[in-house]
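# Structural description and commentary
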Amino acid sequence: MKVIRNVARLGQINWILLKHALRLQTSPGIRMREACEDLGPIFIKFGQLLSTRADLLPDEVAAELAKLQDQVPAFCGKQARSMIESALGKPINE
């Protein structure tokens, strides 16, 4: 069952990345930031980390990812709880 969830998540990640990659009229930095936002907290953290490494990224991309530092949409607490309980296979309070 866990393998099926992992494969489903991988498919979701690929779909979101493809969706943003096809938006060629939008700058690469915006596409990367929006993809991180759509993919969730772990990817937002990764984008935040990348934004601190302007030596590795074009200036426009680093500036756009820097918006993940303080301009990121709030993550729903109920959704987080549900995801944690699903991963653990039992309620958090247990």
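This text goes with the structure placed above it.
Parameters at a glance
- Residues numbered from 1 in each chain as written.
- Predicted model: local features only at pLDDT ≥ 70, side-chain atom pairs only at ≥ 80, totals over all residues.
- Heavy atoms only, no water.
- Helix = DSSP H or I, 4+ residues; strand = E, 2+ residues; numbered from the N terminus.
- Buried < 20%, exposed > 50% of the residue type's maximum accessible area, 1.4 Å probe, protein only.
- Contact = heavy atoms within 4.5 Å.
- Areas by Shrake-Rupley, 256 points an atom, 1.4 Å probe, with all protein chains shown as cover.
- Lys, Arg positive; Asp, Glu negative; His and termini not counted.
- Charge placed at Lys NZ, Arg CZ, Asp CG, Glu CD.
- Axes fitted to C-alpha atoms, helices over the stretch in contact; angles between N-to-C directions.
- Parallel < 35°, antiparallel > 145°, perpendicular 65-115°, else oblique.
- Left-handed = near helix turned anticlockwise from the far one by under 90°.
- Nonpolar A, V, L, I, M, F, W, Y, C, P; charged D, E, K, R; others polar.
- Polar contact = N/O pair within 3.5 Å; in protein donor to acceptor, adjacent residues only side chain to side chain.
- Salt bridge = Lys/Arg side-chain N within 4 Å of Asp/Glu carboxyl O.
- 1 Å grid on protein atoms, 1.4 Å probe; cavity = no way out; pocket = protein on both sides within 12 Å on 5 of 7 lines; lining within 4 Å.
- Points joined across faces, edges and corners; volume = space filled by probe spheres on them.

Each helix and strand counted, the chain has five helices and zero strands in total. Along its sequence from the N terminus, the chain presents helices and strands in the succession α-α-α-α-α. Considered along the principal axes of its C-alpha atoms, the chain spans approximately 45 × 25 × 20 Å. Counting only residues that meet the buried cut, the chain has 23% of its 94 residues in that class. In the chain, of all internal contacts separated by at least 6 residues, the share reaching a separation of at least 24 is 43%. Total accessible area computed for the chain in this model is approximately 6900 Å², and 63% of it derives from carbon and sulfur atoms. One finds the centroid of the 13 positive side-chain charges in the chain at a distance of 8 Å from the centroid of its 10 negative side-chain charges.

This brings us to the packing of helix H2 (residues 28-39) against helix H4 (residues 59-66). Their axes nearest at 8 Å, the elements H2 and H4 cross at an angle of 30°. The angle between H2 and H4 places the two elements in the roughly parallel class. In terms of crossing hand, the pair formed by H2 and H4 is right-handed. Along its contact with H2, which presents Pro 28, Gly 29, Ile 30, Met 32 and Arg 33, the element H4 presents Glu 60, Val 61, Glu 64 and Leu 65. Grouping the amino acids of the contact of H2 with H4 by side-chain chemistry returns five nonpolar, one polar and three charged.

Bringing the environment of Lys 19 into the picture now. For Lys 19, the location among the structural elements is in helix H1 (residues 2-21). Residues Lys 19 and Pro 41 lie 22 residues apart in sequence; the distance between their C-alpha atoms is 19 Å. Among the polar contacts listed, one links the side chain of Lys 19 to the side chain of Asp 38, at a separation of 3.5 Å.

Note that side chains of opposite charge can pair when their charged atoms are close. Across all of its chains, the model carries seven salt bridges by this definition. With a shortest N-O distance of 3.5 Å, Lys 19 and Asp 38 are connected by a salt bridge. Of the two residues, Lys 19 sits in helix H1 while Asp 38 sits in helix H2, which places them 19 residues apart along the sequence. The shortest N-O distance in the salt bridge between Glu 64 and Lys 67 comes to 3.3 Å. Judged by its relative accessible area of 7%, Glu 64 falls in the buried class. Under the relative-accessibility criterion, Lys 67 is labelled partly exposed at 33%. Beyond isolated ion pairs, a larger network of salt bridges with shared partners links Arg 33, Glu 37, Glu 64 and Lys 67.

Another aspect to go through is the layout of surface pockets. One number sums up the size of the largest pocket: a volume of about 580 Å³. As for the largest pocket, its lining consists of 19 residues, and the residues nearest its centre are Arg 9, Gln 12, Leu 39, Pro 41 and Met 83. The element contributing the most residues to the lining of the largest pocket is H1, with six residues. Residue classes in the lining of the largest pocket are distributed as nine nonpolar, five polar and five charged. Considering only enclosed or pocket space, the second largest pocket measures out at about 160 Å³ in volume. The wall of the second largest pocket is formed by 13 residues, among which Leu 17, Arg 31, Met 32, Ala 35 and Cys 36 lie closest to the centre. At the level of secondary structure, the elements contributing two or more residues to the lining of the second largest pocket comprise H1, H2 and helix H3 (41-51).

Honestly, that's just the spatial picture; any functional story needs more than this.
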